[in-house]
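What follows is each chain in one-letter form.
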Amino acid sequence: MNVLSTFINSLTNPLNITNTLKSVKKEKLSSNTVSDYIGYCEDTFLISEAKRYDVKGKHYFDYPNKYYFTDIGLKNARLGFRQLDSGHIMENIIYNELLIRGYSVDVGVVVDRRGRSNIQKEIDFVVNKGDKRVYIQSAWQMNSDEKITAELDSLKLTKDFFSKIIIQNDIPSHYTDNDGIIHCNLIDFLLKPELIA
């Protein structure tokens, strides 16, 4: 659980966790055993898995995936309240709120093929309910041109007409930009579910 707590909100798989346990703790476990333990943690509602979904190819990847704590306080307690990364905590809160609202939540993957490149970019959440889909990025702060470009690029690469939202902590209220992307702060997202309705 401690190792999984440090990987929270990051793409990982049982093999990565096994290798970490071998190198840091000198523990010898198989990745199948680690996979079983992750499954037990999911079955007891300690963590939840978000699978990676190829937005254009319309298929799921087997690995790596992301894991979120169902109660962020449990993650913090597991680590003795170290590693309090505000951005990761905010992303975990958004994930949990989306599940509470009844959405299925995946991690999106889009491929940037501009300039002969073939780079996979991540959309934090591909949110589905029935025939409704919303793409959501979580950004604690967008205080540099590089960060703004990175967050917007993933959403623009979908090239479809589903709603797109960036939830950030450093704006006072929500607005819609020229590309139709909604920017809202975390409090508005939590208190105004109609923003993604």
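Residues numbered from 1 in each chain as written. Predicted model: local features only at pLDDT ≥ 70, side-chain atom pairs only at ≥ 80, totals over all residues. Heavy atoms only, no water.

Asker: Just to check I follow, could you spell out the sheet that holds strand β2 (residues 52-54) for this structure?
Answerer: One key point about sheets: their strands pair by backbone hydrogen bonds, in either a parallel or an antiparallel sense. Strands sit in the order β3-β2-β5-β6-β7-β8-β10-β9 across an open sheet of eight strands; the sheet is mixed. Strands at the two margins of the open sheet, each flanked by one partner only, are β3 (59-60) and β9 (175-176). Taken together, the two bridges between β9 and strand β10 (residues 182-185) define a ladder with antiparallel strand orientation. The partner of Tyr175 across the bridge, within β10, is His183. Packed onto the sheet, helix α6 (residues 145-156) meets β5 (104-112), β6 (119-129), β7 (132-139), β8 (163-168) and β10 and runs at close to 165 degrees relative to β7. (Pairing = 2+ DSSP bridges. Helix = DSSP H or I, 4+ residues; strand = E, 2+ residues; numbered from the N terminus. Contact = heavy atoms within 4.5 Å. Axes fitted to C-alpha atoms, helices over the stretch in contact; angles between N-to-C directions.)

Asker: For this particular structure, what's the right way to read the nonpolar core?
Answerer: One recurring pattern in soluble globular proteins is that nonpolar side chains are buried together. In this structure, Leu98, Phe125, Ile136 and Ile167 are the most contacted members of the largest nonpolar core, which totals 21 residues. The set of elements that each furnish at least two residues to this core consists of α5 (86-100), β5, β6, β7, β8, β10 and α7 (186-191). Apart from the residues lying within four places of it in its own chain, the contact partners of Phe125 are Tyr68, Glu91, Ile94, Tyr95, Leu98, Val105, Asp106, Val134, Tyr135 and Ile136. (Core = buried A, V, L, I, M, F, W, Y, C linked by side-chain atoms within 4.5 Å. Buried < 20%, exposed > 50% of the residue type's maximum accessible area, 1.4 Å probe, protein only.)

Asker: I tried to follow the pattern of salt bridges on my own but got confused; where do I start?
Answerer: Pairing between side chains of opposite charge can happen when the charged atoms of each approach one another. Within this structure, the stated rule accounts for 12 salt bridges. Measuring nitrogen to oxygen at the nearest pair gives 2.7 Å for the salt bridge that ties Asp112 to Arg114. On the basis of relative accessible area, Asp112 is assigned to the buried category, the value being 6%. With relative accessibility at 44%, the residue Arg114 sits in the partly exposed group. A salt bridge links Arg114 to Asp153; the shortest N-O distance between them is 2.8 Å. In this pair, Arg114 sits in the loop between β5 and β6 while Asp153 sits in helix α6, placing the two residues 39 residues apart along the sequence. Assessed through its relative accessible area of 14%, Asp153 is described here as buried. Residues participating in the shared-partner salt-bridge network are Asp112, Arg114, Lys121 and Asp153. (Salt bridge = Lys/Arg side-chain N within 4 Å of Asp/Glu carboxyl O.)

Asker: Is there a simple way to explain the side chain of Asp112 in this structure?
Answerer: For Asp112, the position within the fold is in strand β5. For Asp112, the side chain forms a polar contact with the side chain of Lys121, separated by 3.2 Å. Setting aside residues no more than four positions away along its own chain, Asp112 makes contact with Ser117, Asn118, Ile119, Lys121, Asp153 and Leu157. (Polar contact = N/O pair within 3.5 Å; in protein donor to acceptor, adjacent residues only side chain to side chain.)

Asker: Can you help me understand the environment of Val111 in this one?
Answerer: With respect to the element layout, Val111 can be found in strand β5. Separated by 80 residues in the primary sequence, Val111 and Leu191 place their C-alpha atoms 33 Å from one another. Look past the residues within four positions of Val111 in its chain and what remains in contact with it is Asn118, Ile119 and Gln120.

Asker: In this structure, what is going on with the packing of aromatic side chains? I would like to understand it.
Answerer: Applying the stated criterion across every chain yields a total of six aromatic pairs. Look at Tyr68 and Phe125: their rings are 6.0 Å apart centre to centre, the planes differ by 50 degrees, and that puts the pair in the tilted class. You can see Tyr68 sitting in strand β4 (residues 66-69) and its partner Phe125 sitting in strand β6, a full 57 residues away along the chain. In terms of burial, Tyr68 and Phe125 fall into one category: buried. Seen from their ring centres, Tyr135 and Phe162 are 6.2 Å apart, and the 80 degrees between their planes marks the pair as edge-to-face. Of this pair, Tyr135 sits in strand β7 while Phe162 is found in the loop between α6 and β8, placing the two residues 27 residues apart along the sequence. Residue classification places Phe162 among the partly exposed positions, given a relative accessible area of 34%. Taken together through their ring pairs, the aromatic side chains of Tyr68, Tyr95 and Phe125 make up a single cluster. Positioned above the aromatic ring of Phe189 is the side chain of Arg101, whose terminal nitrogen or guanidinium carbon lies 4.5 Å from the ring centre. A cation sits over an aromatic face here: Lys129 above Tyr103, 4.6 Å from the ring centre. (Phe/Tyr/Trp six-rings, centres within 6.5 Å; stacked < 30°, edge-to-face > 60°. Lys NZ or Arg CZ within 6 Å of the ring centre and 35° of its normal.)

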